[in-house]
Amino acid sequence: MGKKGKKEKKGRGAEKTAAKMEKKVSKRSRKEEEDLEALIAHFQTLDARRTQIVETPCPPPSPRLNASLSAHPEKDELILFGGEYFNGQKTFMYNELYIYNIRKDAWTKVEIPNPPPRRCAHQAVVVSQGGGQLWVFGGEFASPDGEQFYHYRDLWVLHLATKTWEQVKSTGGPSSRSGHRMVTWKRQLILFGGFHESTRDYIYYNDVYTFSLDTLGWTKLSPAGTGPSPRSGCLLCVTPQGGITIYGGYSKQRVKKDVDRGTLHSDMFQLKCEEDKAGRWTWTRVNPSGARPTPRTGFSVAVAPSHQLLLFGGVCDEEDEESLKGDFLNDLHLYDCTKNRWFAGQLKGPKAEKRKRRRGKEEEPEEGGQQDREDSSTQRPLEDIKEVVTEDGTVVTIRQVLAAPGPVAGGHCHDEGGSEEARGPMVEPRPRSNALLAVKHGLLYLYGGMFEAGDRQFTLSDFYCLDLHKMEAWKTLVEMDPKTQEWLEETDSDDDSNEVEGAEGGEEDEEDQDTGEEDTEEQPPPVEPGETFVDYLPRTEQHWAKLAWDSAGPGTKEKTVLKAAHTMARTFFDNSVSDAMLRQK
């Protein structure tokens, strides 16, 4: 009894310490949050002026990361919401809503009255009830200079059938946070972890909440057993057996004044609801076998049709007290919940050609070809051996067998009809972190994300899909050359920082100037003090219409171009007003 009582007191002491830390963080960050609240309120005032739903055919969304991409539960559509973009000097936050029609391969921007405030690093899940709903919780808003952060604790639902946003207010929910994870389980939303950061402090969470889609109420769970340590950016998925799997994530702690140490988590847990024990929840540590992913953060997650969990990309940071270097990844891993085993997502390669020949007769090899074929046939599979140090100091050796490089890409395979298939060159997304993933009809879709090269950050807007049934090769839907992306150095002049309106609209004029003169590009008409958008648009419409026509493809209708021009003007106007508010502060 004595030991038990002492253990309980120790547990209560840890809870009190965590509560004090959360209160301390809240107090220190309140001042900076008040500054950002004014800016967020300004943006909401602008959004409130929308009185009707406007759907505009458009190019693919502009480069972004930390957005959400969700598959419509009833239609052949993908839903993209929010995100962020950084051009070297300024951080752009979005609350835009885009719909991608899979059959038509076409994007539509949907403007709906009273949307959620601009945000990134939120969580969005879809449910099929009521014609389809998209539920969004939390996330963060960054100041344009990227130095201050406001974390949300609001819950929104987008009714897909009527295209209306609704804020759902309920007490007892999670605190303000971003980087958390959320899934649907039966008739509930399950939310885990995340973090809250201010200029001086930060705190990571490992709490679990449920939200009932029937009663619209929050409940904080207190699962039995030892669960994951506080973290953000982990994998959170529902298994076919009804459990909830948690893997990996990231957290950091202060080791001394102004020095933080990050931790890449590689452990796995399962959270189960024991129906026979009045709905009691329990944590269990899981030790999967197979080719485990190397420790990383910023990876993206989706669920395959076979209920396998998909993990793509991410970054492995090498930290010291003075620098941070990241190795970005583009590998694909699958976790089979029923076998408790990781598999490497090996692709077969695309089928480039198919030639018929007569049965039983081989084509005559060219001179030297027989020797090449013999060399290829004797190539053996390669072994990729990696040693990974886990959190508890254990060294784990991961041995992965890879196919030989020769025959897989360029070899032939014969079918019963005597056909001969050749595999073409492999296309794959470049390494990245914080990309968007979604699965629809057995196809895995990947959009955007970011990578770093030196001191520069590249934000992506390329778009790919992969047939998970065939596992042959990625298909490029939208290409992007990162080298063409604008990057403003911190030492650039203020005049250069004004040329960023394309970041919100997703379109930039990249035509070369043949005159050889510098700075000949016409600057956007500035917003006059006290001017409203109703007055600004008529005065500058000709300028924005010219930009829209220059960016439009052949055969674009005039009505579509004018809508794009108005969108560009609105984006520039909103950014100019927000910048003016910050300067006044």
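Heads up: the structure comes first, above all this text.
How each quantity is defined
Each chain carries its own residue numbering, running from 1 in the direction its sequence is written. Only residues with pLDDT of 70 or above have their local features reported here, since the model is predicted, and side-chain atom pairs are shown and tallied only from 80 upward, although totals for entire chains, interfaces and linings are computed over all residues. Here the side-chain values reflect all heavy atoms present in the structure, with hydrogen atoms and water set aside. Just to be clear on terms, a salt bridge is a Lys or Arg side-chain nitrogen sitting within 4 Å of an Asp or Glu carboxyl oxygen. Helix numbers and strand numbers start at the N terminus; a helix is a DSSP run of H or I with at least 4 residues, a strand a run of E with at least 2. Buried, partly exposed and exposed residues are distinguished by accessible area as a fraction of the type maximum, computed with a 1.4 Å probe on protein chains only: under 20%, between the cut-offs, and over 50%, respectively. Only when DSSP finds a minimum of two bridges between them are two strands counted as paired. Two rings belonging to Phe, Tyr or Trp (six-membered ring only in the last case) form a pair when the distance between their centres is within 6.5 Å. Interplanar angles under 30 degrees mark stacking, angles over 60 mark edge-to-face geometry, and anything in between is tilted. Between the N-to-C directions of two axes lies an angle of 0 to 180 degrees, each axis being a line fitted to C-alpha atoms and, for a helix, fitted only over the stretch in contact.

A short note on the pattern of salt bridges
Part 1 of the reasoning: Throughout the structure, instances matching the rule amount to 16 salt bridges.
Part 2 of the reasoning: We note a salt bridge from Arg296 to Asp331, for which the minimum N-O separation is 2.7 Å. Taken together, the residues span a long stretch of sequence, with Arg296 in the loop between β20 (289-290) and β21 (300-303) and Asp331 in strand β23 (residues 324-336) at a distance of 35 residues.
Part 3 of the reasoning: Classification of Arg296 by relative accessible area gives buried; the value is 2%.

As for the pairing of strand β16 (residues 235-238)
Part 1 of the reasoning: Looking at chain direction, β16 and strand β17 (residues 244-256) are connected through four bridges and run antiparallel. By the bridge assignment for β17, Leu235 is matched with Tyr247.
Part 2 of the reasoning: Between β16 and β17, which follow one another and run antiparallel, lie five residues, and Gly242 among them has a positive phi close to 95°.

A few points about unusual backbone geometry
Part 1 of the reasoning: Of note in this structure, Asn66 is not a glycine but carries a positive phi near 55°.
Part 2 of the reasoning: Residue placement: Asn66 occurs in the loop between β1 (54-58) and β2 (68-71).
Part 3 of the reasoning: Of note, Lys186 is a non-glycine position whose phi angle comes to about 55°, a positive value.
Part 4 of the reasoning: Assignment of secondary structure puts Lys186 in the loop between β12 (181-185) and β13 (188-197).

Digging into the packing of aromatic side chains
Part 1 of the reasoning: In this structure the tally under the stated criterion is 32 aromatic pairs.
Part 2 of the reasoning: For the pair Phe269 and Trp283, a centre-to-centre distance of 6.3 Å together with 80° between the ring planes defines the contact as edge-to-face. One end of the pair, Phe269, is in strand β18 (residues 259-274); the other, Trp283, is in strand β19 (residues 280-286), and 14 residues separate them in sequence. Across the pair, Trp283 and Phe269 agree in class, each one buried.
Part 3 of the reasoning: Centre to centre, the rings of Tyr335 and Trp342 are 5.2 Å apart; their planes meet at 50°, and the pair counts as tilted.

What to know about the sheet that holds strand β14 (residues 202-212)
Part 1 of the reasoning: Spatially, β12-β13-β14-β15 is the arrangement adopted by the four strands of the open sheet, whose pairing is antiparallel. The open sheet is flanked by β12 and β15 (218-220), the only strands paired with a single partner. Strand-to-strand twist across the sheet, computed as the mean angle between neighbouring axes with direction ignored, equals 25°.
Part 2 of the reasoning: Of the pairings in the sheet, the one linking β13 to β14 comprises nine bridges and is antiparallel in character. Each residue of the ladder has a partner; that of Leu191, found in β14, is Tyr209.

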